[in-house]
Amino acid sequence: MSDPEDLAALRSGDPRAIGRTLTLVENDPTAAEPLLEALAGAGADAPRIGITGPPGAGKSTLVASLLRLDLEASGAPGVVAVDPSSEQTGGAVLGDRVRLRGDEDAGRAFFRSVATRGSRGGLARTCADLLRILAAAGKRPLYLETVGVGQSELEIAELVDTVVLVLVPESGDFIQTLKAGVLEVADIVVVNKADREGAQALAEEIADTLHRSARLDPDWDVPVLLASARTGDGVTALRDALGRHASHLRSGGGLARRRAAQVGKELRRRLRGRLEDWLDRDPSIHQSVEAEAREVAAGRRTPTGAARRLWDALKAAAWR
Ligand SMILES: Nc1nc2c(ncn2[C@@H]2O[C@H](COP(=O)(O)OP(=O)(O)OP(=O)(O)O)[C@@H](O)[C@H]2O)c(=O)[nH]1
Ligand SMILES: [Mg+2]
């Protein structure tokens, strides 16, 4: 798959080559490594937008509306949707929603949904690589849709430039419970389903909370927008806000800082994964653990002491 021809097809945006590559990354990350190496540095200029929020908030409907605008502006957007419920259906559902007009649109927009379960090598790693491939294939902008906010398996803020938090009028209690912490990751807040009662009140409450809390980026005023993704109301304003945030990041050097921090976290995450694999698989570590476990069982050592001895031995071996 890292044949020059395949790489050329991928870089030219050929949908079949993109699809094959994404599948390889999802199913066999080790086999995909040379290919990702060959793409190093490609597509770094692609804006990455994260759309997150509680289940059913209208994230996909919103992404579909944004895609519509991108396609109208001759863009070639790419979407990765993390779908906890179904396998490989989210992309199709989203695709249906965008109502692609003919083959030309279909050739430019690209969707891929990732099941939460069964992603080898971790969800965050898979998503990071899928976004990289879409970027290398010329997709711009990139959207990453994930369910949930706060401490979920996937920290969306570690993967994108701009986080859009989508809430609905019914999310009021949820904000109360989680206080401002949940808002901390958001660069833009959208109160969707504004056709329902309570949207304006929630937007005011959020704006107030944001105003009173410490901000990660003191130079950026987090906009709180009302939208109705179903009718398309407010989607243009969201697109404008995304553009403003992108220029803000680029002008202040914030984008470079953000991405450098993300890469640092990503490397640690990957390293942690490898360490865990090693701990689980290495036969001599297995033997040492078993030997210490017998000492603990015989009452000659405490688990704390045994773990410390194993740790000291590992460190000594690793830095030898
Ligand atoms: N009334 C109203 N309904 C909406 C609006 N936007 C989306 N919906 C509906 O809300 C439901 C969920 O929309 P989705 O776009 O699938 O929401 P989601 O956040 O992607 O859902 P998950 O990915 O399953 O978490 C659908 O039935 C939409 O038609 C809106 O602005 N107003
Ligand atoms: Mg969705």
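All residue numbers refer to positions counted from 1 along the written sequence of the respective chain. Here every chain gets a letter starting at A, and every ligand a number starting at 1, in the order they are written. Totals for whole chains, interfaces and linings use every residue, but because this is a predicted model, local features are given only for residues with pLDDT of at least 70 and side-chain atom pairs only at 80 or more, for both listing and counting. Hydrogen atoms and water are omitted, and side-chain values are computed over all heavy atoms in the structure.

1. Observations regarding the coordination of the magnesium ion (ligand 2)
Coordination partners: N, O, S within 2.8 Å of the metal, 3.2 Å for Na, K and Ca; water not considered, so apparent gaps in a site are possible. Every protein donor of the magnesium ion (ligand 2) is listed here as Ser-60 (OG) and Glu-145 (OE), and their distances to the metal cover 2.1 Å. Here the residue Ser-60 occupies a position in helix α4 (residues 59-72), and Glu-145 occupies one in strand β4 (residues 142-147), the gap between them amounting to 85 residues. Relative accessibility thresholds used throughout: buried, under 20% of the residue-type maximum; exposed, over 50%; partly exposed, between the two (1.4 Å probe, protein chains only). Classification of Glu-145 by relative accessible area gives buried; the value is 8%. Counting from the N terminus, the helices are the DSSP runs of H or I reaching at least four residues and the strands are the DSSP runs of E reaching at least two.

2. Overview of the nonpolar core
Inside soluble globular proteins, nonpolar side chains tend to come together where they are buried. Nine residue types can take part in a nonpolar core, namely buried Ala, Val, Leu, Ile, Met, Phe, Trp, Tyr and Cys, and a core is a set of them joined through side-chain atoms within 4.5 Å. One finds Ile-51, Tyr-143, Val-164, Ile-188, Val-189, Ile-206 and Leu-238 to be the most contacted residues of the largest nonpolar core, which totals 38 residues. Going through the elements one at a time, β1 (48-53), α4, β5 (162-167), β6 (188-191), α9 (199-212) and α10 (235-251) are the ones with two or more residues in this core. When residues no more than four places from it in sequence are discounted, the contact partners of Tyr-143 are Ile-49, Ile-51, Val-63, Leu-66, Leu-67, Asp-70, Pro-77, Gly-78, Val-79, Val-80 and Leu-131. If you look at the next biggest cluster of nonpolar residues, it comprises 32 residues, including Leu-22, Cys-127, Leu-131 and Leu-144. The contact definition used throughout considers only heavy atoms, calling two residues in contact when any of these lie within 4.5 Å.

3. Quick notes on the packing of helix α7 (residues 123-136) against helix α11 (residues 254-281)
As a packed pair, α7 and α11 sit with axes 10 Å apart at the nearest point and diverge in direction by 130°. Taken as axis vectors, α7 and α11 run oblique relative to one another. The chirality of how α7 crosses α11 is left-handed. Contacts between α7 and α11 involve Ala-124, Arg-125, Ala-128, Asp-129 and Arg-132 on the former and, on the latter, Glu-266, Arg-269 and Arg-270. Residue polarity follows a fixed list, in which Ala, Val, Leu, Ile, Met, Phe, Trp, Tyr, Cys and Pro are nonpolar, Asp, Glu, Lys and Arg are charged, and the others, Gly among them, are polar. The residue inventory of the contact of α7 with α11, partitioned by class, reads 2 nonpolar, no polar and 6 charged. Convention adopted: a line fitted to C-alpha atoms gives each axis, helices being fitted over their contacting stretch, and angles between N-to-C directions are expressed from 0 to 180 degrees. In this scheme, roughly parallel covers angles under 35 degrees and roughly antiparallel covers those over 145, while 65 to 115 is roughly perpendicular and the rest are oblique. A clockwise turn of the near helix away from the far one marks a right-handed crossing, whereas an anticlockwise turn of less than a right angle marks a left-handed crossing.

4. A word on the packing of helix α2 (residues 15-27) against helix α3 (residues 29-38)
Across the interface, α2 lies against α3 with an axial gap of 6 Å and an inter-helix angle of 130°. When the axes of α2 and α3 are compared, the pair comes out oblique. Crossing of α2 over α3 shows left-handed handedness. Where α2 abuts α3, its residues Thr-21, Leu-24, Val-25, Glu-26 and Asn-27 lie against Pro-29, Ala-31, Ala-32, Leu-35 and Leu-36. Looking at side-chain class alone, the contact of α2 with α3 contains 7 nonpolar, 2 polar and 1 charged residues.

5. Remarks on the pairing of β6
Two faces belong to every sheet, and in a regular strand the side chains alternate between them. Residue alternation in β6 divides its side chains into two sets, Ile-188 and Val-190 and Val-189 and Val-191, and both sets are buried. Strand direction decides the pairing type here: β5 and β6, joined by 4 bridges, are parallel. Pairing of Leu-167 across the sheet is with Val-191, part of β6. Of the strand pairs in this sheet, β6 and strand β7 (residues 224-226) are connected by 3 bridges, and their pairing is parallel. Its bridge partner lying in β7, Val-190 is registered against Leu-225. Convention used here: a crossover is right-handed provided that the path from the first strand, over the helix, to the second strand proceeds clockwise when the strands point away from the viewer. Handedness of the crossover joining β6 and β7 through α9: right-handed. A pair of strands is treated as paired once DSSP finds two or more bridges between them.

6. Section: the pattern of salt bridges
Counted as salt bridges are all cases of a side-chain nitrogen of Lys or Arg within 4 Å of a carboxyl oxygen of Asp or Glu. Going through the model one piece at a time under the given rule, you end up with 22 salt bridges. The shortest N-O distance in the salt bridge between Arg-112 and Glu-26 comes to 3.0 Å. Of this pair, Arg-112 sits in strand β3 (residues 110-115) while Glu-26 sits in helix α2, and the two are 86 residues apart along the sequence. Its relative accessible area of 11% is what places Arg-112 among the buried residues. Measuring nitrogen to oxygen at the nearest pair gives 2.6 Å for the salt bridge that ties Arg-269 to Glu-158. Residue Arg-269 is found in helix α11, and its partner Glu-158 is found in the loop between β4 and β5; the two are separated by 111 residues along the sequence. Here the salt bridges share partners, and the residues they tie into one network are Glu-292, Glu-295, Arg-300, Arg-301 and Arg-309.

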